[in-house]
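# What the coordinates show
Next come the chains, spelled out residue by residue.
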Amino acid sequence: MADFSNYFLMKEEDVIEYAKLKVPQKNWDESTMTCKEIGDGNLNYVFKVQDAKGHSVIVKQAGVSLRISEDMHIDPDRNRVESEILILQGKLAPGYVPEIYCYDTVMSTCCMQDCSDHAIMRTAMLEHKTYPKFADQISTFMAQVLMGTTDAVMDHQEKKALQKSFINPQLCDITEALVYTEPYNDELGRNNVFAPNEEFVKKNLYENDPLKLEVAKLKMDFMTNAQSLIHGDLHTGSIFINEDTTMVFDPEFCFYGPMGYDIGNVIANIIFAWCNGDVTDDQAFCDWTESVIVDVVNMTMAKLGAYYDKHVTDTMCKTPGYKEYYLKSILADTSGVTGLELIRRTVGMANVKDLTTIADEKKRARAEQICITAAIDFIMNRADKKCGKCFLNTLKDAVKKVDAQE
């Protein structure tokens, strides 16, 4: 039996013993304990341990290489980062993240609340389920966590200590490559471009120098603007949801960066869901996603402003007009990142099922062209997006433009 004093990649039988040792507060019925590996992400191994009495825990272990590429090696310390940020996020936005029972820097493992009474949001939306409370809940989470970790609100020395604790160079390097570089040049040959759209991608992305210039600006801002402690990968695959609650998880890409990165990721992934509903003519689902796009933008910006008013501490940030300048820059960043996420999840190394599961080739090609067309507008005209309706209009305009070209 392993004593877990040295790192190794656990199998299911090891995880049962690990849960007994590390999560004794569950009062396990040891004779009925079972374990199943349930992870479907690219980075980690995720296990569910449960017993016949209803006790359960999620055990997440970081591997030393990506599951999608053994050639990409990353520091397993990311689980320490993830655990600590979930604990911090739980304090800033109680009830919006899973509870952490323990984390182990030797085994690069964390044990957390089982959220089996929730669905993975992307999976649920592939079934075209709707969640009326989502926009209000995710905007609350983002406003409280993002604004709550800025220099405008925090003691500056405490903020710098957090920034040092959550520096995340390896995972940032992945983002810088897969989001801000390769979708525009395929320099490492890792892009996954849908064959019917190869010429469209070549013309609109690889040969689009004005777009590349704007993406370069956004990339440098991502790398240098330590504005807020961001989740760093806040898509619908990182959200647990049910009719009543929204829970954010998997923040291992977190670091101090521009808060628009998180907000834009959420919006882009709702657009992917819209595309999936559109190809099946599910009008009710599309109507809901359109309302979410508008509401997430408007609610998040309003709540960021309200949090700022209540908690701002920096003297200069209280100068009349500065808050408006600050929020305007966040909204522009949000638009830019919405575009970046739409492009990288359409043509980059990690595509989304919202698009790849569209069986009809012509409909999938159209959906991808809509995403890319909207994305270019989001990036090139990011300073012009003033409210949620502007974001929705960008999507609608892209639909008209693509359909007019057919």
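What this report covers is the structure whose coordinates are included nearby. (Residues numbered from 1 in each chain as written. Predicted model: local features only at pLDDT ≥ 70, side-chain atom pairs only at ≥ 80, totals over all residues. Heavy atoms only, no water.)

## A closer look at the pattern of salt bridges
Scanning all chains against the criterion turns up 25 salt bridges. For the salt bridge of lysine 217 with glutamate 214, the shortest nitrogen-to-oxygen distance reads 3.0 Å. Within this pair, lysine 217 and its partner glutamate 214 are both found in helix 8 (residues 209-224), separated by three residues, close to a single helical turn. Residue classification places lysine 217 among the partly exposed residues on the basis of a relative accessible area of 44%. A salt bridge links arginine 344 to aspartate 233, with the shortest nitrogen-to-oxygen separation between them at 3.7 Å. (Salt bridge = Lys/Arg side-chain N within 4 Å of Asp/Glu carboxyl O. Helix = DSSP H or I, 4+ residues; strand = E, 2+ residues; numbered from the N terminus. Buried < 20%, exposed > 50% of the residue type's maximum accessible area, 1.4 Å probe, protein only.)

## A look at the pairing of strand 7 (residues 109-112)
Looking along a regular strand, one sees side chains alternate from face to face of the sheet. Residues Thr109 and Cys111 point to one face of strand 7 and Cys110 and Met112 to the other, with burial holding for every one of them. In terms of strand pairing, strand 3 (residues 56-62) meets strand 7 through four bridges, oriented antiparallel. The residue of strand 7 that forms the bridge with isoleucine 58 is methionine 112. Sheet analysis places strand 6 (residues 100-104) next to strand 7, joined by four bridges and oriented antiparallel. Following the sheet pairing, cysteine 102 is matched in strand 7 by cysteine 111. (Pairing = 2+ DSSP bridges.)

## Description of helix 7 (residues 198-206)
In an α-helix, one full turn covers 3.6 residues, which means residues spaced three or four apart are oriented alike. Residues of helix 7 that are buried include every one of Phe200, Val201, Asn204 and Leu205, and no others. One side of helix 7 carries all its buried residues, which in axial view fall inside an arc of 95°. Those residues of helix 7 that are exposed and aimed more than 90 degrees away from the buried face are Glu199 and Lys203. Looking at the buried residues of helix 7, the elements they touch are helix 8, helix 11 (322-347), helix 13 (361-380) and helix 14 (388-405). (Arc of directions from axis to C-beta. Contact = heavy atoms within 4.5 Å.)

## Regarding the packing of helix 10 (residues 283-311) against helix 11
Relative placement of two packed helices is described by the angle separating their axes and the distance separating the axes. Two elements in contact, helix 10 and helix 11, have axes whose closest approach is 11 Å; the angle formed by their N-to-C orientations is 145°. Where helix 10 crosses over helix 11, the handedness of that crossing is right-handed. Residue-level inspection shows Val297, Met301, Leu304, Gly305, Tyr308 and Asp309 of helix 10 in contact with helix 11, the latter providing Tyr322, Lys323, Tyr326, Leu327, Ile330 and Leu331. For the contact of helix 10 with helix 11, a count of residues per class yields nine nonpolar, one polar and two charged. (Axes fitted to C-alpha atoms, helices over the stretch in contact; angles between N-to-C directions. Left-handed = near helix turned anticlockwise from the far one by under 90°. Nonpolar A, V, L, I, M, F, W, Y, C, P; charged D, E, K, R; others polar.)

## So, the packing of aromatic side chains
The tally for this structure, following the rule as stated, stands at 13 aromatic pairs. Measuring from ring centre to ring centre gives 6.1 Å for phenylalanine 4 and phenylalanine 8, while their planes differ by 15°; the resulting arrangement is stacked. Residue classification places phenylalanine 4 among the buried residues on the basis of a relative accessible area of 7%. Just above the ring of phenylalanine 194 sits the side chain of arginine 364; from NZ or CZ to the centre is 3.9 Å. (Phe/Tyr/Trp six-rings, centres within 6.5 Å; stacked < 30°, edge-to-face > 60°. Lys NZ or Arg CZ within 6 Å of the ring centre and 35° of its normal.)

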